[in-house]
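What follows is each chain in one-letter form.
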Amino acid sequence: MIANWVRIAGTAWGCGLGLGMLAMVRFELQAGKAGTPPSYLPSVVAPPAERAAGTVIVFIHPECACSQATLTNLRDIASELPSARFVVEFESEGKSAHAILSSSNYRLAADIRSAEIEIDYGTKAKVFHAQTSGETFVYSPAGELLYSGGITASRGEPGSNVGLDAIVDCLRHRSPKVRHMPTFGCALTSETSL
Amino acid sequence: MAVQWVAAVALALIISSKTYAGPTSSTHPHVWLAFGYGGLLVSLPILLAVIRPGVFANRYVIGCAQMLMSGLLIHVTNGRIETHFHVFGSLAFIAFYRDWKLLIFATVVVGADHLWRGIYMPASVFGVASDPNLRWLEHVAWVAFEDVILLMQIKNTTAALRNSCIREADLEFSNEMIEHAVRLRTAELTANQALTSSVLESAQDGVVVSDWQGTILEFNEAACALTGYSREEAVGASFIDLIVPESLREEVRCDLRRFLETGDSESIGIRRETVGMRKDGSEFESEVSASMIVSSDPPAFTSFIRDITTRRQMESQLAHAQKMESIGHLAAGIAHEINTPNQYIGDNARFLRSSFASIFALLDQYERLESAVETDDAPAIRLDIECARKKADLDFMRTEIPNAIEESLVGVGRVSSIVSAMKDFSHPGVDEMTLSDLNRIVESTVTVARNEWKYVAELKLGLSPGLPQIPCLPGELGQVVLNLVVNAAHAIAEANGNSGDLGQILISTAEVEEWVELRVSDTGTGIPEGARHKVFNPFFTTKEVGKGTGQGLAITHAVIVERHGGQIFFETQAGVGTTFVVRLPIAPVAAAEDAAA
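First, a word on what this report is: a plain description of the structure on this page. (Residues numbered from 1 in each chain as written. Chains lettered and ligands numbered in written order. Predicted model: local features only at pLDDT ≥ 70, side-chain atom pairs only at ≥ 80, totals over all residues. Heavy atoms only, no water.)

**Concerning the overall build of chain A**
Where we set the bar: Each helix is a run of H or I in the DSSP string that is no shorter than four residues. Each strand is a run of E no shorter than two, and both are numbered from the N terminus. Under the scheme applied here, a residue whose accessible area is under 20% of the maximum for its type counts as buried, over 50% as exposed, and between as partly exposed, the area being computed with a 1.4 Å probe on protein chains only. Whether two residues touch is decided by their heavy atoms; if any such pair falls within 4.5 Å, the residues are in contact. Here the open area of atoms and residues is found with the Shrake-Rupley method and a 1.4 Å probe, where only the protein chains shown may cover a residue.
Within chain A one finds 6 helices and 6 strands. For chain A, the proportion of its 194 residues judged to be buried stands at 55%. Considering only intrachain contacts with a sequence separation of at least 6, the fraction spanning at least 24 residues in chain A is 77%. Roughly 8,500 Å² of accessible area belongs to chain A as shown, and the carbon and sulfur atoms make up 56% of that amount.

Structure (structure tokens):
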């Protein structure tokens, strides 16, 4: 009798684990919303210097944990390509400047060499149609959109990935394998919640 | 498992506790994942460990959950490379089972986990969408690398454990064999010890084991009965102080010392007769055989003690009997030697009697002549004769010489009767029943035993004339009568003490139905109440030491009852006297049995 009970429990357990894994997959593969970014660098962002390899603009929610991976990757790119321009826009909806400046994401951004850190009050996010924390836009020195999307493999997953490779390719004036990758992160604003 | 679950939840709370949508936040799905999925993951292993501990299949559930926990932790830590070490650590933990199949199973689980992640979430596991197969292989290769080491360790450990188990099994088997042998040997020793103890306890002689200092180590039951000491009193006490009389202790100690120093001894290794002492201080004749126990170091001694008091008594009686027998033989010879001169003394006395009668008759004639003769010298001669008559006291001589001769003849007659009685009494007994006259036996015995009773009693015979002869052993019956007469005399002597009064011994015979009855009555002390049931017991006596051995009535009883088929009993009254009654069958015992049949 006990053996039967164990078999039933084991079966239920296995099924539960399977369901759990499915849920895991679903969440992990659930990318944030993404809009259509402008094809050319909008004027809300200052043009780059003449010798800049390109402009990389990243929108970050100050408290999105997953975006730490994005900032980490960004730091790595900045180290590799110091000639590129990096702009990190912290969305401040409902957050004080002090809170933003105290966040771990801000500290990570501050570590990025020559990064321009700005606090966006929603204006630029609307211009770029950025909706998800970690969403990254790469523009050529001429202001053309080369890439948009995330630069992490999955939520909070730093390290090499397709998006990252695409950005590097863009900044090196090579043709990237992809032009868009999903972004995994928190919604930047309440209007763009998942 | 539970700790890992808690850790997963903690990590989720630390790393990504909330998810945001602008200013609003909510619990991050990772937290729910860690809590729910993690809880589910550890639930079955914990449940099985509690309700079915030790079941073999549990390890596979645990292995599966452990590897999936690695995936969960990697997930909630957002794929931190450091978290991947949990996989390697989990495999190492699983290796503790020393089950290579389980290790392979766990490896398959983690490989499958990576595979489906690689299929459905390649970027989540490998970080890139490109070359998933190679990345999968790279991950699997690292796992395989660890597996190889762990498998080798499992193999070595298992072999070592097997060898250890084999050695332990061999050791246990050897121990069991040894214990079995010990048990057998112990049983043998116990049985031997029990046998030895039984032998010691059943021995009729006292067995005392003592050490070189004389301290008693063993003291058997016979020794207890012999000395009056209990085993508890004896063991641990000094053998010399306990059993050896004080007068002999120094001698025994010196002998023991000499033996220990030189090996020489006057008592150890030989059997000798000595004196022992009881608890109450009384001494007893003993025969002791002491020997050294060769196998003992330091030396120990075994002493076998036998009470030989009874034997000594019997030896004394035997010697006495032999002496009496010798005297009996001598008596026969002496009687014969006495009889001859006694014969011619009697003859001469009779001759003198008849001769003196003749001489006195002649003297009468001379006296007649004296009175008739008338001569001149007659008055002078008559006067001389008268003087000579007075000087010789002829009248006195006429009276006394015949009396003296008669008394001499009476003495000679008595000597003859004594000699005859002695000859009869000392005659070797015959083993066959012969028809004998009981009266004659009584008379002979009374004559022989005269010295025993004449100083203390007057003995009267009331023997029935015409008493029929009876089949008997005359010698033994004579001994019976002697015992009864002597006992009677002793009883009277005890009653009268030194007063000088004479008691009465009356011996009578009579024919009573099919019996010839002999009665020996005395006016002695009578038999005490407490002794009446023991008078016929061997060695029982109420006489003082030296006056009797307690054998007389026992022998009398045996002779009358067993040898003659008769009866013996007594009537007694304390302070008045005792009458022993012996009844002997007139008809032979065999004839009586035939008649009864």
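**Section: the overall build of chain B**
When its secondary structure is counted, chain B shows 19 helices and 14 strands. A buried classification covers 36% of the 597 residues belonging to chain B. Partitioning the intrachain contacts of chain B with sequence separation of at least 6 by distance along the chain shows that 59% fall at a separation of at least 24. Carbon and sulfur atoms make up 60% of the accessible area of chain B, which amounts to about 33,900 Å² in all.

**So, the sheet that holds strand β1 (residues 55-60) of chain A**
Residues and elements named next belong to chain A. Test applied: Here, any two strands with at least 2 DSSP bridges between them count as paired. Note on method: axes are straight lines fitted to C-alpha atoms, helices fitted across the in-contact stretch only, with angles between N-to-C directions ranging 0 to 180 degrees.
Across the sheet, 6 strands lie side by side as β3-β2-β1-β4-β5-β6; this open sheet has mixed pairing. Only two strands of the sheet have a single partner each, and these edge strands are β3 (115-120) and β6 (180-181). Pairing of β1 with strand β2 (residues 85-91) involves 6 bridges; the strand directions are parallel. When the sheet's bridge partners are listed, Thr-55 is paired in β2 with Arg-85. Seen against the sheet, helix α6 (residues 162-171) touches β1, β2, β4 (136-139), β5 (145-149) and β6 and runs at an angle of roughly 165 degrees to β5.

**Regarding the environment of Leu-41 of chain B**
Within the secondary structure, Leu-41 of chain B sits in helix α2 (residues 29-51). Measuring from C-alpha to C-alpha, the distance between Leu-41 of chain B and Ala-2 of chain B comes to 9.7 Å, with 39 residues separating the pair along the chain. In contact with Leu-41 of chain B, other than residues within four places in its own chain, are Trp-13 and Leu-17 of chain A together with Ala-65, Leu-68 and Met-69 of chain B.

**Concerning the pairing of strand β6 (residues 283-293) of chain B**
All names here are of chain B. Of the pairings in the sheet, the one linking strand β5 (residues 271-277) to β6 comprises 7 bridges and is antiparallel in character. Pairing of Val-275 across the sheet is with Glu-285, part of β6. Hairpin remark: β5 followed by β6, antiparallel, with 5 residues in the connecting loop; positive phi at Gly-281, about 90 degrees. Taken together, the 8 bridges between β6 and strand β7 (residues 300-307) define a ladder with antiparallel strand orientation. Residue pairing for β7: Val-288 is matched across the bridge by Ile-305.

**Description of the sheet that holds β5 of chain B**
All names here are of chain B. Read across the open sheet, the 5 strands follow the order β4-β3-β7-β6-β5; overall the sheet is antiparallel. One side of each edge strand has no neighbouring strand; the edge strands of this open sheet are β4 (216-219) and β5. In this sheet, adjacent strand axes meet at a mean angle of 30 degrees when their direction is disregarded. The strands touched by helix α11 (residues 246-262) are β5, β6 and β7; relative to β5, the strand with the most contacts, the crossing angle is about 135 degrees.

**Quick look at the packing of helix α1 (residues 2-16) of chain B against helix α3 (residues 58-76) of chain B**
All names here are of chain B. Under the convention used in this document: An angle below 35 degrees is treated as roughly parallel, one above 145 as roughly antiparallel, one from 65 to 115 as roughly perpendicular, and anything else as oblique.
Taken N-terminus to C-terminus, the directions of α1 and α3 make an angle of 10 degrees; their axes are 9 Å apart at the nearest point. By the criterion of interaxial angle, the relationship of α1 to α3 is roughly parallel. Here Gln-4, Trp-5, Ala-8, Leu-11, Ala-12, Ile-15 and Ser-16 of α1 lie close against α3, whose contacting residues are Gln-66, Met-69, Leu-72, Leu-73 and Val-76.

**Side note on empty space enclosed by the protein**
Residues and elements named next belong to chain B. Using the following cut-off: Lining residues are those with an atom within 4 Å of a point, where the points come from a 1 Å grid over the protein atoms alone and group into cavities, where a 1.4 Å probe fits but cannot get out, or pockets, open sets with protein on both sides within 12 Å along at least five of seven lines. Grid points are joined across faces, edges and corners, and a volume is the space filled by probe spheres set on the points. Residues are sorted three ways: Asp, Glu, Lys and Arg are charged, Ala, Val, Leu, Ile, Met, Phe, Trp, Tyr, Cys and Pro are nonpolar, and all the rest, Gly among them, are polar.
In total, this model carries 3 cavities of 30 Å³ or more according to the counting rule given. Taken as a whole, the second largest cavity encloses approximately 50 Å³ of empty space. Lining the second largest cavity we find Glu-251, Val-252, Asp-255, Glu-266, Ser-267 and Arg-272. It is α11 that provides the largest number of residues to the lining of the second largest cavity, a total of 3 residues. Class assignment of the residues belonging to the lining of the second largest cavity gives a composition of 1 nonpolar, 1 polar and 4 charged.

**A look at unusual backbone geometry**
Look at His-129 of chain A: it is not a glycine, yet its phi comes out positive at around 60 degrees. If you trace the backbone, His-129 of chain A turns up in the loop between α5 (123-128) and β4. The partly exposed category is assigned to His-129 of chain A, whose relative accessible area is 41%. For Arg-98 of chain B, which is not glycine, the phi torsion reads 55 degrees and is therefore positive.

**Observations regarding α2 of chain B**
Inclusion rule: The span one expects for a helix is its residue count, reduced by one, times 1.5 Å.
Look at α2 of chain B: 32 Å from first C-alpha to last across 23 residues, which is about the 33 Å you get at 1.5 Å a residue. For α2 of chain B, every residue scored as buried is listed here: His-30, Val-31, Leu-33, Ala-34, Tyr-37, Gly-38, Gly-39, Leu-41, Val-42, Leu-44, Pro-45 and Leu-48 of chain B.

**Here we look at the pattern of salt bridges**
Let me state the cut-off plainly: Salt bridges are identified by distance alone: a Lys or Arg side-chain nitrogen within 4 Å of an Asp or Glu carboxyl oxygen.
Following the criterion strictly, the structure yields 33 salt bridges over all chains and no others. What you see here is one network of salt bridges that share partners, running through Arg-271, Glu-273, Glu-285, Glu-287, Arg-311 and Arg-312 of chain B.

**Concerning α11 of chain B**
Residue and element names in this part refer to chain B. The condition is simple: Note: the arc covers the axis-to-C-beta directions of the helix.
The end-to-end C-alpha distance of α11, which contains 17 residues, comes to 25 Å, matching closely the 24 Å that a straight helix rising 1.5 Å per residue would cover. Taken together, the buried positions of α11 are occupied by Arg-249, Asp-255, Leu-256 and Phe-259. Each buried residue of α11 sits inside an arc of 140 degrees when the element is viewed along its axis, so together they form one side. Seen from the buried face of α11, the exposed residues on the opposite side, beyond 90 degrees, are Ser-247 and Glu-261. Of the residues flanking the end of α11, it is Gly-263, one or two places downstream, whose phi is positive at about 90 degrees.

**Here we look at a nonpolar patch on the surface**
Short version of the rule: The patches reported here contain residues having more than 30% relative accessible area and no salt bridge. Joining distances are 9 Å for like charges and 5 Å for nonpolar side chains (Val, Leu, Ile, Met, Phe, Trp, Tyr).
There is a patch of nonpolar side chains on the surface, built from Trp-5 of chain A together with Ile-46, Leu-47, Val-50 and Ile-51 of chain B and spanning about 440 Å² of accessible area. The leading source of residues in the nonpolar patch is α2 of chain B, at 4 residues. Considering the arrangement of structural elements, one finds Ile-51 of chain B in helix α2. With relative accessibility at 41%, the residue Ile-51 of chain B sits in the partly exposed group.

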